[in-house]
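# Reading the structure
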Amino acid sequence: MRRLLVFMAAVACAQTPSRSRVGTGFDAISGARLRADLTFLSSDALEGRRSLERGSEVAIQWIASEFAKSGLKPLVGDSYLQPVPIVEYTVDREKTALAVEVSGKSEIYRAPDAIGNFAYETTVAGSVVFAGYGISAPDLGYDDYAGIDAKGKIVLIFNHEPQELDDGSIFNGKANTRYANATYKALNAARHGAIAVLTMPDPNHPAEQRGRTVTAASARIPSEALVDGGPGIPAFTVSAKVGADLIGTAGKKAPDVQTAIDAKPAPMSFAIPDAHVELRQVLTERRRANSYNVVGMIEGSDPALRGETVIFSGHFDHNGIGPQGVFHGADDNGSGTVGVVELARAFAANPAKPRRSLLFVVFAAEERGLLGAYYYVSHPLRPLETTRAQINFDMIGRNEAADPRVQTEISPDTSNELGLIGTHYSPDYRAVVERANEMVGLKLTYKWDRDSYNQVLFRSDQYPFLQRDIPAIWWFTGFHPDYHQVSDTVEKINFEKMVKILKLAYLSGFEFADSASVPKIVGKAMARP
């Protein structure tokens, strides 16, 4: 009774939808049904749901059938399946090479000094320009491409972003902004007319923070890329020496260049004279196939607002079968998949529908680089400009626990804790969730918005939507030692907490879709406790 009174008080002061309007769907969310669904989805029969393999195809058909049972509206003709054309490939690291010619002298580099990551065999050659961190951030008044011409050229850039060791940086202090991601930088280079991009380590970055551990699961799986909807230009990772030598051709030292950029921050981009680079990528295998985003809609009740959209999303794929056995992916991301399906049922069961339309999407190939989400934002089934918010579930089924691959402080008790990632870009969104949480009573943490080492902002399907200025937040219960291991199994899921998370998402999503106001994106995102 006390919680109901608190909830009704929140209704009165914040115009949250009334309990009588939302109660049927809220009460319909079922832990027993979640357990049954996730037991199936993470079973050996689905073989780890690796992208483009049989188990993921079974998952796709199961999600579509559940959307149909709930009466969701299909948006691809009479189908719930949006084809996502994918290229799966393996790079020949012996034959893939980078040739650098400076003042008539040539040197050839191969892995590990030059590592290609492109879905096509190709040879690209041209002159070189240095474009700082490769960032164009008009909301922060910063553009590495200002004053240089990248059209038809190969662009050399630093990893990470300016002032990453400065608490007061406009780039979210010591944490990440949406501009530090390698895919964003390749897309940005292509938008400026570049024909290829070389990424080198930023020379002043602490060595102990160079990056995350690559798991054995990801190392054994061929790479995948979108046929269209991705950067579309070759991208090579080059060693510090290769990058420093190229910058040295212009009479500059790489650490000094980074220091000069970070001091203001202000771009310090320049052409690299007398340097000519040729990238040659060779593949050992390549195949093209379709995966599918599974998409269904509940139409809004207001004729004037039903053209606007609120999205609930997750991804269904995982890492298949390896020498260790089946990578079951119960938490990652069977939990998010069954969560989206259960919310579709809840909203369908509720007699009152919110004024805006609700889109339920389970994305393909997240583990291979957020491919389904990137494809959707480049081929949207509902206009992105009227998409008002996204609730993205990825790993919502466990209690966070210490994992040697992850550096973060962990609360003594995480059994009731939920992380929200990205609310520093939308305080409005955060306020809605916090109001709704007065009814649910989860402990909310925003610590990941202050994290740069683990780079979590870029690691799930909300990120491509955030890049399009949509308030898009990742709902996440944290890492644990079973992350990307065969031991990520259903009996370790905290279903009681999952139910609470989904009830919070139900209330929050209803308000996003029903309220007179919608959450906004802020440009200068600064994380706060």
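With that settled, the discussion passes to helix 8 (residues 254-263). Among the residues making up helix 8, those that are buried are A254, V257, Q258, I261 and D262. Summarising the axial view, the buried residues of helix 8 lie within an arc of 125°, below the 170-degree limit, and thus occupy one face.

Attention now goes to helix 10 (residues 371-378). Of all the eight residues making up helix 10, seven are buried; the element is thus mostly covered by neighbouring parts of the structure. Looking only at helix 10, the buried set comprises L371, G372, A373, Y374, Y375, Y376 and V377. On its buried face, helix 10 sits against strand 2 (81-91), helix 5 (182-191), strand 11 (223-226), strand 14 (283-298), strand 18 (357-363) and helix 12 (463-466).

Moving on, we get to the packing of helix 3 (residues 31-41) against helix 13 (residues 495-514). Describing two packed helices takes the angle between their axes plus the distance from one axis to the other. It is at 9 Å that the axes of helix 3 and helix 13 come closest, and there the two elements cross at 110°. Between helix 3 and helix 13, the angle falls in the class roughly perpendicular. Of the two possible hands of crossing, helix 3 and helix 13 adopt the one that is right-handed. Where helix 3 approaches helix 13, its residues G31, L34, R35 and L38 are matched on the opposing element by F495, M498, V499 and L502. Broken down by class, the residue content of the contact of helix 3 with helix 13 amounts to six nonpolar, one polar and one charged.

It is a general feature of regular strands that their side chains alternate between the two faces of the sheet. Pairing of strand 3 (residues 97-102) with strand 13 (residues 270-281), which is carried by six bridges, proceeds in the antiparallel orientation. Bridge pairing links L98 to L279 in strand 13. Inspection of the sheet shows strand 3 paired to strand 4 (residues 105-109) by five bridges, in the antiparallel sense. Residue pairing in the sheet places V102 in a bridge with K105 of strand 4. What sits between strand 3 and strand 4 in their antiparallel hairpin is a turn of two residues, with S103 showing a positive phi close to 50°.

Glancing now at the environment of Q455. Along the polypeptide, Q455 turns up in the loop between strand 21 (443-445) and helix 12. Taking the C-alpha atoms as reference points, Q455 and D469, 14 residues apart in sequence, are found 19 Å from one another.

Before going further, it helps to examine the packing of aromatic side chains. Centre-to-centre distance and the angle between the planes together describe a pair of aromatic rings. One pass over the structure, following the stated rule, counts 25 aromatic pairs. A ring pair is formed by F347 and F510, whose centres lie 6.1 Å apart and whose planes are at 20°; its orientation type is stacked. Of this pair, F347 sits in helix 9 (residues 330-349) while F510 is found in helix 13, placing the two residues 163 residues apart along the sequence. Of the two residues examined, F347 and F510, each falls in the buried class.

The next thing to look at is the confidence of the model for the protein. When the pLDDT values of the protein are averaged, the result is 94; 95% of them are 70 or greater. Summarising per-element confidence for the protein, the mean pLDDT is lowest in helix 1 (residues 2-14) (43) and highest in strand 18 (99).

This part takes up the nonpolar core. If you look at the biggest cluster of nonpolar residues, it comprises 137 residues, and the most contacted ones within it are F67, L98, F360 and W475. Membership of the second largest hydrophobic core comes to 12 residues, among which are A131, I148, I157 and A194.

Moving on: the pattern of salt bridges. This model, assessed by the stated rule, comprises 24 salt bridges. Between K241 and D245 there is a salt bridge, and its shortest N-O distance comes to 2.7 Å. Taken as a pair, K241 and D245 lie in helix 7 (residues 240-249) at a separation of four residues, close to a single helical turn. Given a relative accessible area of 49%, K241 falls into the partly exposed group. Of the residues examined, D245 reaches a relative accessible area of 39% and is grouped as partly exposed. Here R356 and E308 are joined by a salt bridge, their closest N and O atoms 2.6 Å apart.

The rules behind each value
Residues numbered from 1 in each chain as written. Predicted model: local features only at pLDDT ≥ 70, side-chain atom pairs only at ≥ 80, totals over all residues. Heavy atoms only, no water. Buried < 20%, exposed > 50% of the residue type's maximum accessible area, 1.4 Å probe, protein only. Helix = DSSP H or I, 4+ residues; strand = E, 2+ residues; numbered from the N terminus. Arc of directions from axis to C-beta. Contact = heavy atoms within 4.5 Å. Axes fitted to C-alpha atoms, helices over the stretch in contact; angles between N-to-C directions. Parallel < 35°, antiparallel > 145°, perpendicular 65-115°, else oblique. Left-handed = near helix turned anticlockwise from the far one by under 90°. Nonpolar A, V, L, I, M, F, W, Y, C, P; charged D, E, K, R; others polar. Pairing = 2+ DSSP bridges. Phe/Tyr/Trp six-rings, centres within 6.5 Å; stacked < 30°, edge-to-face > 60°. pLDDT = per-residue confidence, 0-100. Core = buried A, V, L, I, M, F, W, Y, C linked by side-chain atoms within 4.5 Å. Salt bridge = Lys/Arg side-chain N within 4 Å of Asp/Glu carboxyl O.

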